[in-house]
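Geometric and topological summary
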Amino acid sequence: MGRRLVLLLLLLLQSAAVRSFVTPGYSSVVSRQQHVRGRVALSLQQDDLEDSGGPNDESEKKKKKNDDVEAARRRLEFLVSDGTNDDAAKTSDDDEDEEAAAPLLSTIGRERREAEISMLRELEYSDEASADLWALWYSERGPTAAAELRAIEVDLFGDMSQWDHAEDRLKALIEEHGMHFVEPLNRLATLYYMQGKYEESRRYCQAVLDKKPWHFGALAGIVMVCANLQDITGARQWAARRLPPIPPDGTTNDRRSEWVERAVEDARKALLEEEVRIRLAFGRKQRYQRKQEEAQQQQQSFEEDAWQ
């Protein structure tokens, strides 16, 4: 009886919750694009003020967490700085296939990650930043891919006869941009859920959450998928990781504050890992260049000895 009650409660949310896979009122994403570009620049200015001891002072607890991340950054950079650490080189070689699939972090990419972290922080007291996050996720591979996603959603939430066409277009986006562009994965999870293909939907939800554990749309979606699969244990576990709502009276929600803190920490760790991958990649390139130079010097020395 208890399991049936839990399942019933989860399913009661289903009719209105399909949109939680995707941006609420997805047409508003278009109008948020320019706003997000400004937010990226603004977040960089705020970070500069914080680094210089400006007016955006943080609490002692957050300062300690930032210090821990910076300490981890220094330790990892030390390991790969001179290219002589065998373990680091071995790990780099073992992960070569994964790195080939994931594009290296660019300057613009780093700015976007920092803006994303700033927006996640703002979720503690308001849902307004969620629209900015959706717009940011839409445009992670540029305006052309974002426009294609918006066009696909017309098929997705329009005529059911267009669902096969929407699936083909989403798979084409994934083929073009890779699995690290999570919004096509999230849309495909939504489509499979609407088609009743719950196992396929769960796989794509998990793929999104592997890349962005803080993706509140995929977190809400996978709860519904587990409920339809009658996976009560999975539904409970994922429900505990969803973004808690803001109380109607506007009071502080400790669970939401904890969620935001964890999301920010996960996002910062992900950024750190991407930066380390860059160092490893450049370290391999530098080692290769040194070996090429040494080989040329040896060849030149051999030729001079042979001539004499």
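Residues numbered from 1 in each chain as written. Predicted model: local features only at pLDDT ≥ 70, side-chain atom pairs only at ≥ 80, totals over all residues. Heavy atoms only, no water.

1. Re the nonpolar core
Counting 50 residues, the largest nonpolar core has Leu120, Leu123, Leu133, Trp214, Phe216, Trp238 and Trp259 as the members making the most contacts within it. Take this core: its biggest share by element is seven residues, from helix H15 (residues 254–307). (Core = buried A, V, L, I, M, F, W, Y, C linked by side-chain atoms within 4.5 Å. Buried < 20%, exposed > 50% of the residue type's maximum accessible area, 1.4 Å probe, protein only. Helix = DSSP H or I, 4+ residues; strand = E, 2+ residues; numbered from the N terminus.)

2. Observations regarding the environment of Asp155
Within the fold, Asp155 resides in helix H9 (residues 143–156). Each C-alpha atom, one on Asp155 and one on Ala166, is 5.9 Å from the other, the two residues being eleven residues apart in sequence. In this structure Asp155 touches Gln162, Trp163, His165, Ala166 and Arg169, once residues within four positions along its chain are discounted. (Contact = heavy atoms within 4.5 Å.)

3. Comments concerning the pattern of salt bridges
The tally for this structure, following the rule as stated, stands at 14 salt bridges. A salt bridge links Arg187 to Glu153, with the nearest nitrogen and oxygen atoms 2.4 Å apart. A residue pair is termed long-range when its members are at least 10 positions apart, and Arg187 in helix H11 (residues 182–194) and Glu153 in helix H9 qualify at 34 residues. Pair check on accessibility: Arg187 and Glu153 agree, each one buried. Arg169 serves as the salt-bridge partner of Asp155, at 3.0 Å between the closest nitrogen and oxygen. Taken as a pair, Asp155 in helix H9 and Arg169 in helix H10 (residues 163–177) lie far apart in primary sequence, 14 residues in all. Each member of the pair, Asp155 as well as Arg169, carries the same accessibility label: buried. Ionic contacts of the salt-bridge type, sharing partners, join the residues Arg110, Glu114 and Glu275 into one network. (Salt bridge = Lys/Arg side-chain N within 4 Å of Asp/Glu carboxyl O.)

4. A closer look at the packing of H9 against H11
Between H9 and H11, the least distance of the axes is 12 Å, while the angle of their chain directions is 0°. By the angle class used here, H9 and H11 are roughly parallel. Residue-level contacts link Leu149, Glu153 and Leu156 of H9 to Glu183, Pro184, Arg187, Thr190, Leu191 and Met194 of H11. In the contact of H9 with H11, the residues fall into five nonpolar, one polar and three charged. (Axes fitted to C-alpha atoms, helices over the stretch in contact; angles between N-to-C directions. Parallel < 35°, antiparallel > 145°, perpendicular 65-115°, else oblique. Nonpolar A, V, L, I, M, F, W, Y, C, P; charged D, E, K, R; others polar.)

5. Remarks on unusual backbone geometry
Positive phi values are uncommon outside glycine, yet Gln230 reaches one of about 60°. Take Gln230: it is sitting in the loop between helix H13 (216–228) and helix H14 (232–239).

6. As for H14
Taken together, the buried positions of H14 are Ile232, Gly234, Ala235, Trp238 and Ala239. In a view along the axis of H14, the buried residues occupy a sector of 165°, so they form one face of it. (Arc of directions from axis to C-beta.)

7. Topic: H13
Counted at 1.5 Å a residue, the expected span for H13 with its 13 residues is 18 Å, and the 19 Å between its end C-alpha atoms agrees. Along H13, twelve of the 13 residues are buried, which leaves the element largely enclosed by surrounding structure. Once H13 finishes, Gln230 follows within two positions and takes phi at roughly 60°, a positive value. (Expected span 1.5 Å × (residues − 1).)

8. Structural notes on the packing of aromatic side chains
In total, this model carries five aromatic pairs according to the counting rule given. Aromatic side chains Tyr192 and Tyr204 sit 5.8 Å apart centroid to centroid with 50° between the ring planes, which places their arrangement in the tilted category. A residue pair is termed long-range when its members are at least 10 positions apart, and Tyr192 in helix H11 and Tyr204 in helix H12 (residues 198–211) qualify at twelve residues. Residue Tyr204 is classed as partly exposed on the basis of its relative accessible area of 21%. A network of ring pairs unites the aromatic residues Trp134, Trp137 and Phe216 as a single cluster. (Phe/Tyr/Trp six-rings, centres within 6.5 Å; stacked < 30°, edge-to-face > 60°.)

9. Observations concerning the state of the cysteines
Enumeration over the complete set of coordinates arrives at zero disulfides. Left unpaired, Cys205 is separated from the closest cysteine sulfur, that of Cys226, by 8.4 Å. Since its relative accessible area comes to 0%, Cys205 is described here as buried. Under the relative-accessibility criterion, Cys226 is labelled buried at 1%. (Disulfide = S-S within 2.5 Å.)

10. Quick notes on the side chain of Arg202
Relative to the elements of secondary structure, Arg202 occurs in helix H12. Classification of Arg202 by relative accessible area gives buried; the value is 17%. Each residue touching Arg202, except ones within four places of it in the same chain, is listed here: Ile222, Val225, Cys226, Leu229 and Asp231.

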